[in-house]
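Working through the structure, step by step
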Amino acid sequence: MASRERGAGGVQDTAGSENSENRRCISNMTTSVSSLIYPVPKGWRLYTAGDIKSTEPHSCVAGPFGSKISSKYFVDDGVPIIRGNNLKDDLTRFVPNGFVFVSDARAQEYRPQHVRGGDLVFTCWGTIGQVGLIPEDGPYPEYIISNKQLKLRVASSIADPRFCFYYFASPRYAEYVRSRSIGGAVPGINLGILKSLAIALPPITVQRRIADVLSGYDDLIENNRRRMALLEDSARKLYNEWFVRLRFPGYEHTPITNGVPEGWKRKPLEALCMEGDGIQTGPFGSQLHQSDYSEDGIPVVMPKDLIGFRISVSSIARIPEDLGSPETAGVIANRAKGATMPNLNTSLLRSVPILIAPRRLQEIYAEQADTATQLCDVLDEQNQRLRTARDLLLPRLMSGELAV
């Protein structure tokens, strides 16, 4: 590939010709870019996202207008719509579940917003900094971006989609994009901002090598995640078989009266908990702030940390020990009294009826489930180490500090 350098006057040719798409991207390169998050190493070239988009029609577009893709058009099966739950801001490439669908006929009205394997998707309203990379291996051949997303399909002769994903999704770059957001209560970016985002690219072969290194970590993380999901699913299925369907060991010879097997009991949840404070709500929202979080300390469990039948600590927030003291907890509880919100409260929880199996049957299940839980914990710890190693490598690779 020919060598080109970017100087005060723009891009200057220093060697022979390239293919037409490469020439088109170079010639259209803007002479002013938004910002440089990483330095431009020798031999790399400076572009903007608008410069590297594919020549295919609709390669860089916004999602459909809100009213055109509302819930009234959703069906049980069809073409999936990518929403906020499918993207993250922690270098997760894609979350391939939790889709809603529109019919094939309706999907044809959104042809410019269709994405396929290798396309990049950016959240443009709300959680700015989320970037997704559509997987090449499914689970669907095509998707539709929502009205809160932007699509970028890169020119494959110039940019490797995986390299671009890691560049734009890196924590340093995500923070920069957030700093450029517009809007008030709901931050956002538009197509103009997306197209102006700077990216430094090495030769395509180097991009692929860098992407291979980083993808190697993510592939291991994903493999562990799938193993954890299978282990959790097996424990969940065993629980349902024994304690929901009541097909526990020896069920064939156990009389059942009014849905309660002989030797079992039905009691309110409160009867199973410690007296006094067995059922508690979390702190009132205004009492605990993100500014209180620390690297070490007492874990703060949030809905995102509840995965399957366990609490994941891979990205759990923490507060200093003094914030978690009994004295502080008492202050928080007192201040929260009288707050009313439409949610599941302690009074409702106390009265929830629970079918209680004999203690020995519970222990047998716990022994089997604990084996899966322990292995999940090992895999979760491995993933934490893999993420740490990847996150240390990423800025060094994107800045050219490490050669591959």
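Residues numbered from 1 in each chain as written. Predicted model: local features only at pLDDT ≥ 70, side-chain atom pairs only at ≥ 80, totals over all residues. Heavy atoms only, no water.

So, on to the sheet that holds strand β5 (residues 74-75). Strand order in this open sheet of five strands is β5-β7-β6-β11-β8, and the pairing throughout is mixed. With one partner strand each, in any of the chains shown, β5 and β8 (114-115) form the two edges of the open sheet. (Pairing = 2+ DSSP bridges. Helix = DSSP H or I, 4+ residues; strand = E, 2+ residues; numbered from the N terminus.)

Among the nonpolar cores identified, the biggest contains 45 residues, and I52, L120, F168, Y173 and M398 are the most heavily contacted of them. Ranked by residues supplied to this core, first place goes to helix α3 (residues 161-169) with seven residues. Contacts of M398, omitting those with residues within four sequence positions, involve Y38, P39, W44, F163, Y166, Y167, I210 and L214. Membership of the second largest hydrophobic core comes to 11 residues, among which are A235, W242, F243 and Y365. (Core = buried A, V, L, I, M, F, W, Y, C linked by side-chain atoms within 4.5 Å. Buried < 20%, exposed > 50% of the residue type's maximum accessible area, 1.4 Å probe, protein only. Contact = heavy atoms within 4.5 Å.)

Between α3 and helix α6 (residues 204-244), the least distance of the axes is 8 Å, while the angle of their chain directions is 70°. Taken together, α3 and α6 sit at an angle that is classed as roughly perpendicular. You can see that α3 and α6 cross each other, and the crossing is left-handed. On the side of α3, the interface is formed by R162, F163 and Y166, while α6 contributes Q207, R208, I210, A211, D212, L214, S215 and D218. A per-class count over the contact of α3 with α6 returns five nonpolar, two polar and four charged. (Axes fitted to C-alpha atoms, helices over the stretch in contact; angles between N-to-C directions. Parallel < 35°, antiparallel > 145°, perpendicular 65-115°, else oblique. Left-handed = near helix turned anticlockwise from the far one by under 90°. Nonpolar A, V, L, I, M, F, W, Y, C, P; charged D, E, K, R; others polar.)

As a further point, take the packing of α6 against helix α9 (residues 359-398). Put simply, α6 and α9 touch, their axes get as near as 9 Å, and they point 165° apart. Compared by their axis directions, α6 and α9 come out roughly antiparallel. In the crossing of α6 with α9, the sense of the turn from one axis to the other is left-handed. Split into classes, the residues belonging to the contact of α6 with α9 amount to 26 nonpolar, four polar and seven charged.

Secondary-structure assignment places D89 in the loop between β6 (79-82) and β7 (100-102). The spacing of D89 and V131 is 42 residues in sequence and 6.5 Å in space, taken between C-alpha atoms. Ignoring any residue separated from it by four or fewer positions in sequence, one finds D89 in contact with T127, G129, Q130 and R178.

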